[in-house]
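Breakdown of the fold
If you want the building blocks of each chain, they are given just below.
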Amino acid sequence: MPRTAFAGTGFYVPDRVVKNDELTQYMDTSDEWIIERTGIQERRWVTDGMTSAEMACRASKMAISAAGIEPGEIDAIVLGTLSPDVFFPGTGVFLQRDLGLEGIPALDVRAQCSGFVYGLSVADAWIKSGQYRTILLVGVEIHSTGIDVSTRGRDLAVLFGDGAGAAVLTATDEQDRGVLSTHIHADGNHAEMLWTEAAGSKNHPRISAEDIAAGRHYPRMEGREVFKHAVKRMPEVVMEALEANDLTTNDIDLLIPHQANLRISQMVQRRLGLEDDQVVNNIQRYGNTTAATIPIALAEAVRDERLERGDLLCLVAFGSGLTWGSALVRW
Ligand code: ACO
């Protein structure tokens, strides 16, 4: 059976840097509060004209170039996002068009912050089954156009940023590298713990003046509850992956956690007994870009030469749904 190898990675973040101090112009918050509670110093926001598809395209071209392949070699696109450019169709088809890949399938994955790990699980299964050999896996998000930047929305508005990350996955016959496993989970009992209610098809009409007045078109979150679930589920699903592969935390060379909050990542690190240099954190510069955090962090880790052939890489995600998952990769 072929294995799934990471052949190339890439990322794109908008040029516009929004520092914490800028947010104090829009809402009652402070640089100190944001840094102390979240670790975030700045994030990127798109400017007019930039779309998710365009950011995904730029990240994808970097990943394709790094993989040393031609776009035409891609057999399928899997794209994770909770912020599609339009209600439908999904962003994947716009990316497919922009890359000139008419005919290949484009699957949008709606697993929020776990989108990249969920997408990897799907892509890995496709590659192992022999259905496809080369898959473009993308995570992309634009939050800045959909957050409440008034004081009412400050708990969420300070967390989120925009960006895109991509990876080219290829089938390899080398049995000493590639994806070892993926484990993905969900618990819909907590679907409303972090959600955007409007505009949704359960509403008649999908969005009303009352919805807008109440802010139901903005994401809403029970932050403390989300935090508690995240610090439980992330270590748990890493241990599940290690046990399934007869490995231990001592075998992990690099952990890339979903960048939700630096305090969450630090608690996960402590629970797994990892050193600082074994964990990738870039939330300080980009905030939480949901489905894009892991592929952006991965592309930066590759660029910074933090991964060597043979290293054990662990990806772990947690987010709205609730959804969570992990992947172990022999680099
Ligand atoms: N600036 C200043 N004060 C604020 C802000 C802000 N941006 N946001 C909230 N506060 C206030 C609150 O109103 C509250 O004030 P009060 O005590 O007068 O009522 C006080 O700060 C404390 O609020 P808490 O919500 O208890 O603060 P907490 O320490 O829990 O931090 C945070 C809030 C950062 C949102 C935290 O709960 C968290 O990170 N939760 C997890 C969030 C997360 O990971 N979400 C994303 C994961 S899933 C995904 O990515 C889709």
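Residues numbered from 1 in each chain as written. Predicted model: local features only at pLDDT ≥ 70, side-chain atom pairs only at ≥ 80, totals over all residues. Heavy atoms only, no water.

**Examining unusual backbone geometry**
- Look at the link from Ala198 to Ala199: it is a cis peptide, with omega at -5°.
- A cis amide bond links His204 to the next residue, Pro205, at an omega of -5°.
- With respect to the element layout, Pro205 can be found in the loop between strand 9 (194-195) and helix 7 (209-214).
- Phi angles above zero are rare outside glycine, and Asp246 is one such case at about 55°.
- Secondary-structure assignment places Asp246 in the loop between helix 8 (223-244) and strand 11 (254-257).
- Residue classification places Asp246 among the exposed positions, given a relative accessible area of 74%.
- In this structure, Thr290 is a non-glycine residue whose phi angle is positive, near 40°.
- Note on placement: Thr290 falls in the loop between helix 10 (283-286) and helix 11 (293-303).
- Given a relative accessible area of 1%, Thr290 falls into the buried group. (Helix = DSSP H or I, 4+ residues; strand = E, 2+ residues; numbered from the N terminus. Buried < 20%, exposed > 50% of the residue type's maximum accessible area, 1.4 Å probe, protein only.)

**Some points on the packing of aromatic side chains**
- Going through the model one piece at a time under the given rule, you end up with 4 aromatic pairs.
- A ring pair is formed by Tyr26 and Trp45, whose centres lie 6.3 Å apart and whose planes are at 20°; its orientation type is stacked. Of this pair, Tyr26 sits in the loop between helix 1 (20-23) and helix 2 (31-38) while Trp45 sits in the loop between strand 3 (42-44) and helix 3 (52-67), placing them 19 residues apart in sequence. (Phe/Tyr/Trp six-rings, centres within 6.5 Å; stacked < 30°, edge-to-face > 60°.)

**Digging into the site of the ligand**
- The environment of the ligand is made up of 24 residues, and the closest members are Thr29, Arg37, Cys113, Arg224 and Asn261.
- Between a nitrogen atom of the ligand and a side-chain N or O atom of Thr29, the distance comes to 2.6 Å.
- Take Arg154: an N or O atom from its side chain is 3.0 Å from an oxygen atom of the ligand.
- Its free accessible area being 1000 Å², the ligand has 76% of it covered by the protein chains.
- Elements that contribute at least two residues to the shell around the ligand include exactly helix 2, helix 6 (154-157), helix 8 and helix 9 (262-272).
- Examining the composition of the shell around the ligand, we find that 4 residues originate from one element, helix 8, more than from any other.
- For the shell around the ligand, the residue count by class is 9 nonpolar, 9 polar and 6 charged.
- Split by domain, the shell around the ligand shows at least three residues from each of two domains, domain 1 (3-172) and domain 2 (178-330). (Near = heavy atom within 4 Å. Polar contact = N/O pair within 3.5 Å; in protein donor to acceptor, adjacent residues only side chain to side chain. Areas by Shrake-Rupley, 256 points an atom, 1.4 Å probe, with all protein chains shown as cover. Nonpolar A, V, L, I, M, F, W, Y, C, P; charged D, E, K, R; others polar. Domains from an automatic or database assignment.)

**Considerations on the environment of Val149**
- The topology assignment puts Val149 in the loop between strand 6 (134-141) and helix 6.
- A relative accessible area of 28% places Val149 in the partly exposed class.
- Counting along the chain gives 124 residues from Val149 to Gln25, while the straight-line C-alpha distance between them is 9.6 Å.
- Val149 has contacts with Tyr26, Met27, Trp45 and Ala157, leaving out every residue within four places of it along the chain. (Contact = heavy atoms within 4.5 Å.)

**Points about the nonpolar core**
- Ranked by internal contacts, the top residues of the largest apolar core, which has 43 residues, are Val238, Ile252, Leu255, Ile264 and Leu328.
- Put simply, the parts of the chain that give this core at least two residues each are helix 6, helix 8, helix 9, strand 12 (312-319) and strand 13 (323-330).
- Counting residues per element, this core draws most heavily on helix 8, which supplies 9 residues.
- Looking at which domains feed residues into this core, each of domain 1 (3-172) and domain 2 (178-330) supplies at least three.
- Among all residues touching Leu255, those that are not within four sequence positions of it are Val238, Val268, Leu272, Leu274, Gln278, Val279, Val280, Cys314 and Val316.
- Counting residues in each nonpolar core, the second largest holds 33 residues, with Val78, Leu120, Ile256 and Ala317 among its members. (Core = buried A, V, L, I, M, F, W, Y, C linked by side-chain atoms within 4.5 Å.)

**So, the domain arrangement of the protein chain**
- As far as domains go, the protein chain holds domain 1 (3-172) and domain 2 (178-330).
- For domain 1 and domain 2, the distance between their C-alpha centres works out to 14 Å.
- Taking both sides of the interface into account, the surface hidden between domain 1 and domain 2 amounts to around 4000 Å²; carbon and sulfur atoms contribute 65%.
- At the junction of domain 1 with domain 2, the criterion picks out 0 salt bridges.
- Inspection of the region where domain 1 meets domain 2 yields 19 residue pairs in polar contact (both at pLDDT 80 or more).
- If you list the elements that add at least two residues to the side of domain 1 that touches domain 2, you get strand 1 (3-12), helix 2, strand 3, helix 5 (115-129), strand 6, helix 6 and strand 7 (163-172). (Buried area = accessible area lost by both parts, 1.4 Å probe. Salt bridge = Lys/Arg side-chain N within 4 Å of Asp/Glu carboxyl O.)

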